[in-house]
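Given next are the chains, with one letter for each unit.
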Amino acid sequence: MRISKLGKLFGLTSRKVESSSVHPRTILDEEETLKLLQRGLTESNWPGLYYSTIDELIEGISANCILEIGVANGWHADHLLNKFPYLSYVGVDPWKASYDPNDDYTRLVWGAIGGESEQQALDLLQKVVCGDLNAKYDKRVTIHRETSENFFDRNRKNISTGSPFSQFDICFIDGDHRKDSVLIDLRGCWELTRKGGLICGDDFLWSGVREAVEIFCAEKSVKPYFASNEAQGYPIYVIRKT
């Protein structure tokens, strides 16, 4: 999730955050943070870029369960669970500060929520996002606060020990956009996706994402295709598991 995609987040740009976040400031409380998220959703151009595209992919394969790598503000999770009342959602996100020096997201969260550090702001964001989703959707939503690499490793162990294991109909990748991280997500999602299911993601125009998709598709001898809504033309890469 890059600032170029969001345009602005919570009414902030990265330049404004750099100038306003030099000194710690009072952190918002949980109620204020939830209101900030609700207001930010109306200001962001992010949902209009690809939400309807993922909706069509879900409908096209009659998906009942989705894995999302990168929960962030919880906007996409809330949209999916509200639109598809039969859908089960699993999200994975470490809410970790400064994971990528080229990604402005954690600085923007800090600038909006406040606190002594980016990590303190992200801790509060995670608590509010998860609390809101769990209150609304209960057992239909499961959030894992950990890296996707740890999540995939745990599920591999479950498979090897014969524990019950469910594969996903669709996996959506919008986490760490560096090449090696995207490759981890693609390979892990491939293992967790049912045959005929879809692995998809955004920000293909970012070099790390594009290179990872190209490497992965060569490994699996598959070709991606691209989906987008007509109004925005924002490309979502899609890989069907064979």
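See the structure printed just above.
These figures come from a predicted structure and were not determined experimentally.

A. Structural view of the packing of helix H6 (residues 105-113) against helix H7 (residues 118-137). Where H6 contacts H7, the axes come no closer than 8 Å and their chain directions differ by 80 degrees. In this view, H6 runs roughly perpendicular relative to H7, as classed from their interaxial angle. Listed contacts from H7 to Tyr105, Thr106, Arg107, Val109, Trp110 and Ile113 of H6 are Glu118, Ala121, Leu122, Leu124 and Leu125. When grouped by side-chain class, the residues that make up the contact of H6 with H7 number eight nonpolar, one polar and two charged.

B. Spotlight on the packing of aromatic side chains. Using the criterion set out here, one finds eleven aromatic pairs in the structure. Aromatic side chains Phe84 and Tyr86 sit 5.9 Å apart centroid to centroid with 65 degrees between the ring planes, which places their arrangement in the edge-to-face category. Taking relative accessible area as the criterion, Phe84 reaches 3% and is therefore assigned buried. Pairing Phe204 with Phe226 gives two aromatic rings, centres 4.8 Å apart and planes at 65 degrees, and the pair type is edge-to-face. Here Phe204, found in the loop between strand E5 (193-201) and helix H10 (207-220), pairs with Phe226, found in strand E6 (residues 225-227); they are 22 residues apart in sequence, far enough to count as distant. With relative accessibility at 14%, the residue Phe204 sits in the buried group.

C. Representation of H10. The end-to-end C-alpha separation of H10 is 20 Å, in line with the 20 Å expected for 14 residues at 1.5 Å each. Residues Gly208, Val209, Ala212, Val213, Phe216 and Cys217 constitute the buried set of H10. The buried residues of H10 all sit within an arc of 150 degrees when viewed along its axis, so they share a single face. Lining the buried residues of H10 we find helix H9 (179-192) and strand E7 (236-240).

D. A look at the nonpolar core. If you look at the biggest cluster of nonpolar residues, it comprises 47 residues, and the most contacted ones within it are Tyr50, Ile54, Ile58, Tyr89, Leu125 and Ile170. For Leu125, the contacting residues outside a window of four places in its chain are Leu37, Ala72, Asn73, Trp95, Tyr105, Val109 and Ile113. If you look at the next biggest cluster of nonpolar residues, it comprises 26 residues, including Phe151, Trp190, Val213 and Val222.

E. Inspection of the pairing of strand E4 (residues 168-173) at higher detail. Judged by how many residues are buried, E4 sits mostly within the fold: six of six residues are covered. Relative to E4, strand E1 (residues 65-69) runs parallel, the two sharing four bridges. Bridge pairing in E4 links Leu67 to Cys171. Inspection of the sheet shows E4 paired to E5 by five bridges, in the parallel sense.

F. Structural detail: the environment of Gln38. Tracing the backbone through its elements, the reader meets Gln38 in helix H3 (residues 30-43). Given a relative accessible area of 47%, Gln38 falls into the partly exposed group. Between the alpha carbons of Gln38 and Trp75 there is a distance of 8.8 Å; along the sequence they are 37 residues apart.

G. Layout of the pairing of E1. Buried residues dominate E1, accounting for five of its five residues. Side chains Cys65, Leu67 and Ile69 project from E1 onto one buried face, and the interleaved Ile66 and Glu68 project onto a second face that is buried too. Where E1 meets strand E2 (residues 88-92), five bridges bridge the pair, whose relative direction is parallel. Along E2, the bridge assignment pairs Ile69 with Val92. Since E1 and E2 lie parallel, the crossover through helix H5 (residues 75-83) that links them has a hand, and here it is right-handed.

H. Here's a closer look at H3. Over its 14 residues, H3 runs 20 Å from end to end, which matches the ideal 20 Å to within 8%, given 1.5 Å per residue. Buried positions along H3 lie against H5, H6 and H7. For H3, the N-terminal cap is Asp29; the gap from its side-chain oxygen to the backbone nitrogen of Glu31 is 3.2 Å.

I. Molecular detail of the pattern of salt bridges. One pass over the full model with this rule turns up twelve salt bridges. A salt bridge links Lys136 to Asp78; the shortest N-O distance between them is 3.1 Å. Of the two residues, Lys136 sits in helix H7 while Asp78 sits in helix H5, which places them 58 residues apart along the sequence. Taking the relative accessible area as the measure of exposure, Lys136 reaches 44% and is therefore partly exposed. Here Glu219 and Arg187 are joined by a salt bridge, their closest N and O atoms 2.4 Å apart. Of the two residues, Glu219 sits in helix H10 while Arg187 sits in helix H9, which places them 32 residues apart along the sequence.

Thresholds, definitions, all that
- Residues numbered from 1 in each chain as written.
- Predicted model: local features only at pLDDT ≥ 70, side-chain atom pairs only at ≥ 80, totals over all residues.
- Heavy atoms only, no water.
- Axes fitted to C-alpha atoms, helices over the stretch in contact; angles between N-to-C directions.
- Helix = DSSP H or I, 4+ residues; strand = E, 2+ residues; numbered from the N terminus.
- Parallel < 35°, antiparallel > 145°, perpendicular 65-115°, else oblique.
- Contact = heavy atoms within 4.5 Å.
- Nonpolar A, V, L, I, M, F, W, Y, C, P; charged D, E, K, R; others polar.
- Phe/Tyr/Trp six-rings, centres within 6.5 Å; stacked < 30°, edge-to-face > 60°.
- Buried < 20%, exposed > 50% of the residue type's maximum accessible area, 1.4 Å probe, protein only.
- Expected span 1.5 Å × (residues − 1).
- Arc of directions from axis to C-beta.
- Core = buried A, V, L, I, M, F, W, Y, C linked by side-chain atoms within 4.5 Å.
- Pairing = 2+ DSSP bridges.
- Right-handed = clockwise from strand over helix to strand, strands pointing away.
- Polar contact = N/O pair within 3.5 Å; in protein donor to acceptor, adjacent residues only side chain to side chain.
- Salt bridge = Lys/Arg side-chain N within 4 Å of Asp/Glu carboxyl O.

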